Protein chains: 2
Amino acid sequence: MRVGAEAKESRFLRSAVTEENRFQTTADVVAWLSSRVEATCFSVECIPFARSREWQFDDATGNLSHTSGKFFRVEGVRVRTNVGPIPEWDQPIIVQPEFGILGIIVREFDGQLCLLMQAKPQPGSPRPFQLTATVQATRSNFTQVHQGARPHYVEYFLERGRSTVLVDQLQVEQGTAFLWKRNRNMVVEIHEDVPVLDGFRWMSLGQVKQLLRIPNLVSMDAQSVLSCIPLVDQRVHGAADDLEVDVVRHAGADGAALTRFGADVLASMGEMNRSTHSDDAVLSWITDAKCRVGLDVRRLGLRDVRGWRRTEDAIIHEGGRYFRIMAVEAGIDNREVVRWDQPLVTPIEMGLIAFIVKKVEGVLHFLVQRKVEPGNLDIVSVGPTVQCVLGYESRGEPISWPPFMATVVHAPPELVRYACTQSEDGGRFYRVEIECRIVEVGTDDVRDVPDGYLWVTLRQLNELLRFGFVNVEARSLLACLSLI
Amino acid sequence: MRVGAEAKESRFLRSAVTEENRFQTTADVVAWLSSRVEATCFSVECIPFARSREWQFDDATGNLSHTSGKFFRVEGVRVRTNVGPIPEWDQPIIVQPEFGILGIIVREFDGQLCLLMQAKPQPGSPRPFQLTATVQATRSNFTQVHQGARPHYVEYFLERGRSTVLVDQLQVEQGTAFLWKRNRNMVVEIHEDVPVLDGFRWMSLGQVKQLLRIPNLVSMDAQSVLSCIPLVDQRVHGAADDLEVDVVRHAGADGAALTRFGADVLASMGEMNRSTHSDDAVLSWITDAKCRVGLDVRRLGLRDVRGWRRTEDAIIHEGGRYFRIMAVEAGIDNREVVRWDQPLVTPIEMGLIAFIVKKVEGVLHFLVQRKVEPGNLDIVSVGPTVQCVLGYESRGEPISWPPFMATVVHAPPELVRYACTQSEDGGRFYRVEIECRIVEVGTDDVRDVPDGYLWVTLRQLNELLRFGFVNVEARSLLACLSLI
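Residues numbered from 1 in each chain as written. Chains lettered and ligands numbered in written order. Predicted model: local features only at pLDDT ≥ 70, side-chain atom pairs only at ≥ 80, totals over all residues. Heavy atoms only, no water.

Draft legend 1. Highlighting the overall build of chain A. Counting its secondary structure elements, chain A contains 13 helices and 25 strands. For chain A, whose C-alpha radius of gyration is 22 Å, the value lies close to the compact-globule estimate of 23 Å for 484 residues. If you line up chain A on its principal axes, its C-alpha atoms span 65 × 55 × 40 Å. When each of the 484 residues of chain A is scored for burial, the buried share is 64%. Intrachain contacts of chain A at a sequence separation of at least 6 include 74% that bridge at least 24 residues. Surface summary for chain A: the accessible area is close to 17,700 Å², and the carbon and sulfur share equals 49%. Within chain A, one finds 54 positive and 63 negative side-chain charges whose respective centroids are separated by 3 Å. (Helix = DSSP H or I, 4+ residues; strand = E, 2+ residues; numbered from the N terminus. Rg over C-alpha atoms; globule rule 2.2 N^0.38 Å. Buried < 20%, exposed > 50% of the residue type's maximum accessible area, 1.4 Å probe, protein only. Contact = heavy atoms within 4.5 Å. Areas by Shrake-Rupley, 256 points an atom, 1.4 Å probe, with all protein chains shown as cover. Lys, Arg positive; Asp, Glu negative; His and termini not counted. Charge placed at Lys NZ, Arg CZ, Asp CG, Glu CD.)

Draft legend 2. Seen up close, the interface of chain A and chain B. On the chain B side, the residues contacting the 36 residues of chain A number 36 residues. Note on chain A versus chain B: buried area summed over both sides is about 3,500 Å², and carbon and sulfur give 46% of it. Looking at the side of chain A facing chain B, the largest losses of area belong to Arg-235, Asn-273 and Phe-467 of chain A, adding up to 21% of the total buried there. Remark: the boundary between chain A and chain B carries 10 salt bridges. Two residues, Arg-182 of chain A and Asp-378 of chain B, come together in a salt bridge whose shortest N-O distance is 2.5 Å. For the pair chain A and chain B, the number of links is 16 residue pairs in polar contact (both at pLDDT 80 or more). Counting residues per element, the side of chain A that touches chain B draws most heavily on helix H10 (residues 279-292) of chain A, at eight residues. In terms of residue class, the side of chain A that touches chain B is built from 12 nonpolar, six polar and 18 charged. (Buried area = accessible area lost by both parts, 1.4 Å probe. Salt bridge = Lys/Arg side-chain N within 4 Å of Asp/Glu carboxyl O. Polar contact = N/O pair within 3.5 Å; in protein donor to acceptor, adjacent residues only side chain to side chain. Nonpolar A, V, L, I, M, F, W, Y, C, P; charged D, E, K, R; others polar.)

Draft legend 3. Broad picture of the relation of the copies chain A and chain B. Each copy superposes on the other: chain A lies on chain B with an RMSD of 0.0 Å after a rotation of 180 degrees and an axial shift of 0.0 Å. Both copies are brought into coincidence by an operation consistent with a two-fold rotation axis. Taking C-alpha positions as the reference, the residue of chain A nearest the rotation axis is Phe-467 of chain A, at 3.6 Å. By residue overlap, the copies meet face to face through one surface: 100% of the interface positions of chain A are interface positions in chain B. (Least-squares fit on C-alpha atoms with pLDDT ≥ 70 in both.)

Draft legend 4. Molecular detail of the side chain of Thr-134 of chain B. Residues and elements named next belong to chain B. For Thr-134, the position within the fold is in the loop between strand S8 (129-132) and strand S9 (135-137). Within the local environment of Thr-134, its side chain forms a polar contact with the backbone oxygen of Leu-116, the two atoms lying 2.5 Å apart. In contact with Thr-134, other than residues within four places in its own chain, are Gly-103, Ile-104, Ile-105, Leu-116, Gln-118, His-152, Tyr-153 and Phe-200.

Draft legend 5. Geometry of the state of the cysteines. Residue and element names in this part refer to chain B. For the coordinates displayed, the defined rule picks out zero disulfides over all chains. With no disulfide of its own, Cys-114 lies closest to Cys-228 among cysteine sulfurs, the gap being 20 Å. You can call Cys-114 buried: its relative accessible area is 1%. Cys-480 supplies the cysteine sulfur nearest to Cys-420, a cysteine that is in no disulfide, at a spacing of 7.1 Å. Under the relative-accessibility criterion, Cys-420 is labelled buried at 8%. (Disulfide = S-S within 2.5 Å.)

Draft legend 6. Structural detail: the nonpolar core. Core analysis: the largest hydrophobic core is formed by 198 residues, its most contacted members being Leu-231, Phe-355 and Leu-461 of chain A together with Leu-231, Phe-355 and Leu-461 of chain B. Judged by nonpolar contacts, the second largest core, of 19 residues, contains Ile-105, Val-135, Tyr-153 and Val-154 of chain B. (Core = buried A, V, L, I, M, F, W, Y, C linked by side-chain atoms within 4.5 Å.)

Draft legend 7. Geometry of the packing of aromatic side chains. By the definition in use, this model includes 25 aromatic pairs over all chains. Between Trp-55 of chain A and Phe-72 of chain A the ring centres are 4.7 Å apart and the planes differ by 40 degrees, which places this aromatic pair in the tilted class. Of this pair, Trp-55 of chain A sits in strand S2 (residues 55-57) while Phe-72 of chain A is found in the loop between strand S3 (64-66) and strand S4 (73-81), placing the two residues 17 residues apart along the sequence. Residue Phe-72 of chain A is classed as buried on the basis of its relative accessible area, which comes to 4%. Their ring planes at 65 degrees and their centres at 5.6 Å tell us that Phe-469 of chain A and Phe-467 of chain B sit as a pair that is edge-to-face. (Phe/Tyr/Trp six-rings, centres within 6.5 Å; stacked < 30°, edge-to-face > 60°.)

Draft legend 8. Inspection of the pairing of strand S24 (residues 433-441) of chain A at higher detail. All names here are of chain A. Extensive coverage of S24 is indicated by the burial of seven of its nine residues. Bridging between strand S23 (residues 416-423) and S24 involves seven bridges; their strand directions are antiparallel. Note that in S24 the partner of Val-416 across the bridge is Val-439. (Pairing = 2+ DSSP bridges.)

Draft legend 9. Broad picture of the packing of H10 of chain A against helix H12 (residues 458-466) of chain A. All names here are of chain A. Viewed as axis vectors pointing N to C, H10 and H12 meet at an angle of 50 degrees, and their least axial separation amounts to 11 Å. Judged on the interaxial angle alone, H12 and H10 are oblique. Along this stretch, H10 crosses H12, giving a crossing that reads as right-handed. Here Asp-279, Val-282 and Ile-286 of H10 lie close against H12, whose contacting residues are Arg-459, Gln-460, Glu-463 and Leu-464. (Axes fitted to C-alpha atoms, helices over the stretch in contact; angles between N-to-C directions. Parallel < 35°, antiparallel > 145°, perpendicular 65-115°, else oblique. Left-handed = near helix turned anticlockwise from the far one by under 90°.)

Draft legend 10. The pattern of salt bridges, seen in detail. This structure, assessed with the given rule, holds 82 salt bridges over all chains. Between Glu-329 of chain B and Arg-51 of chain B there is a salt bridge; the shortest N-O distance is 3.6 Å. Placement of the pair is Glu-329 of chain B in strand S17 (residues 323-332) and Arg-51 of chain B in the loop between strand S1 (42-47) and strand S2 (55-57), with a sequence separation of 278 residues. Salt bridges linked by common partners bring Arg-78, Arg-80, Glu-88, Asp-90, Asp-296, Arg-298 and Arg-306 of chain A together as one network.

Draft legend 11. Up close: helix H1 (residues 8-16) of chain B. Burial of H1 of chain B is extensive: nine of the nine residues sit out of reach of the surface. Within H1 of chain B, burial applies to Lys-8, Glu-9, Ser-10, Arg-11, Phe-12, Leu-13, Arg-14, Ser-15 and Ala-16 of chain B.

Draft legend 12. Here's a closer look at the confidence of the model for chain A. With 93% of its residues at a pLDDT of at least 70, chain A reaches an overall mean of 91. Quick note on the complex model: pTM equals 0.94, ipTM equals 0.94. (pLDDT = per-residue confidence, 0-100.)

Draft legend 13. Up close: unusual backbone geometry. Residue and element names in this part refer to chain A. In this structure, Trp-180 is a non-glycine residue whose phi angle is positive, near 55 degrees. One can find Trp-180 in the loop between strand S11 (178-179) and strand S12 (182-189). Overall, the relative accessible area of 38% leaves Trp-180 in the partly exposed class. A positive phi is found at Leu-390, a non-glycine position, where the angle reads about 70 degrees. Within the secondary structure layout, Leu-390 lies in the loop between strand S22 (386-388) and helix H11 (405-409). Assessed through its relative accessible area of 9%, Leu-390 is described here as buried.

Draft legend 14. Structural detail: helix H2 (residues 26-39) of chain B. All names here are of chain B. Between its first and last C-alpha atoms H2 spans 20 Å; for 14 residues at 1.5 Å apiece the expected length is 20 Å, and the two agree. Those residues of H2 that sit buried are Thr-26, Val-29, Trp-32, Leu-33 and Arg-36. The buried residues of H2 occupy one face: seen down the axis, they fall within an arc of 105 degrees. Turned more than 90 degrees away from the buried face of H2 sit Ala-27, Glu-38 and Ala-39, all of them exposed. Tucked into the core, H2 has its buried residues touching strand S7 (112-121), S8, strand S13 (200-204) and helix H5 (205-211). (Expected span 1.5 Å × (residues − 1). Arc of directions from axis to C-beta.)

Have a look at this one:
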């Protein structure tokens, strides 16, 4: 690191191990979010498509699009693959060929990095208000297609020189529902006073991590950005064994202590040459999957999608599976546009995503799978151990459970390191709730893993994440990892 | 690294700093390649398309394809972009939607890693025989579409358990001529005796690097694989300052000495926190480019490509620019198939690729550019400082030279660290020769770089390369970097 500058990793790490800050307690944040609900008039109503004033089906293709031609469209795809139980299927899919911004502003107060988080209403959220990134904007938002105001603070992300960029990565969105959709995940640091607008609050990274233990409180978009924040850099911190010392030194003042699992997480992020598979073996596993997996995705008009049909209220699967696409009318008194309607994706059943983790020679490893989804940019992505969200993996019938589902579902409480419900982005999904779990098994458990699964450390997973190889479900779970 | 195992980086490094080995001198390799020419009957003749027995134009689309439907096709694309001098153009392009294997087998002899290289004839090579990877095979080759023999040694790459994978990365090919084409670049280590077949030789990495100083001797495909071979791992080698000591220790026995430039190269590969831009700033530069550059590539039938036309002998640009596609009939007495014909891409002028490098605070930095080419998989790739190969950048008219061309072309000899002619893959390109240069400027030179250019260290460039962000032209130049 450059002489005189503390590495951002150390600063994020220090912020991650404390809930203390000059602004408010974590309980205050929860109360503040509740107060937003009381102070705001917010309504969401499911409507038949025919009542939509802004969205319409194209006569020729059957595709559903906004009258402006912007935002997104619902089209169809025909998918062929040589892995999984279903070799060919059609499905509706959201097409949004532009990069949105998911961005968090950070600033140092009293020597500690704080994040400027937003209490934001979203039509599809299970909670009226969620804690989101500072900016969560589609390109249509910040180029002001819908005549509303420009999103607050977006200038700190768009104008170089107004901030220091700490994180800036293109990351993929849900591959079951979006076709090749990515957002620009950013964290920028400012060095000047900015007005804290109504609906925004500064908080420590440790506070946000604590709030991820409350169901549906933190948005999936915020989780995506949080997952990109580096806490450890080997070049700065040296070997894993020194890290805990380093953390204690950093966080010492307010007496924060790592949990036992937090210490394991930190050591897994900082391990050097202690992983089960070498970095080259991990990359080879991905390369091999890309060479062996066939994935052919052809775009179709929504009208040509087989096995799905359009009713007055929804686009549905004829077998009653996967998801539905419906329309809502939403109203709010403090959003950019006061009243609007839009399509949303809604699930058939509650989702489940989980990591199985275990210590190998003392180092925590995470079991990942190669995930083949129609929206993948490059054939496969790296997903969590179990992922049942909107796709063909279903929790409903144990007979059709994917590998490791039983281990996750039936884990005794003492092995569950994290369990909470989170929800997909309320701007595209309607009450898509997902049970999120991290389950630690014994070193002698889960010795053999099937084709398509691999044990990796957090250092390895974070490196893959940085370069865009990790899917949004895995990223969301990684964001939930807390050190304290 | 695991206790008891020497890191592959150290082993490759040791092989890179010596020409000594039990098999032959470097001069012997050159003589051996010449003897291959004398011993082989090899003919290449340009023919009119009508004389091709195996390739035909489709009546409906005008596309050129093999009668089997395999290998590759020549189709068209319509390209629109918001960068560069030409906002929209059509061009022919090679479509080959499958991953080939470019693979080198290595084995330890007398404690030193040796590479099994091949003397291979290619119809388009300026030399009848080039030194190539152990295996250079399209999927059609190793699945035996053309009824020939399976490529030698391919089983060590296809069958897990027969070798240890050291490198396994998907890397992009020429983005001007191929649509989204990638090859699997592999290096595998074997631990058993294998017969060294006629046309193959073991040699040290240092020998291959020396042979890269002889015009057109080493194939571009081999260079691509060589560029993926890691020489330094911070986790193994520690900070850059220790590296030279480490090399001397490793290579001490045969007295190999690093050149001054070689020492700078090594230090740039091993630098820790001494780069001008942080790793996050480098990634942000790429992310920003992907968000700001528009690149729309639509596939067309070859018949619908505007500005190009088909003659009896070639597909040509009406303005006489870029490249031509023609047919050759080739014959050889030791290849899998004795006689065949195929289309090849041939250039209008000699190409030029170059890196400008300079020391910043004692650390060698390389000037890269974001490159926008129709075949790019993800909008932009990282290219060398100057790249004039088959595209719109031309060496012909100084008035249309791209940035830094004059610096490269007019560099005084004492600043030229590398200069040699290399040629594109002779399996798709006919005598595409490229002047390759690395020019070191003074620390105070080239202070301001235009939008789209960035100074990075070799450590940073190698990390981007590993994850597939670096184009084949930049990789080829990196392969030419020698330490001795």
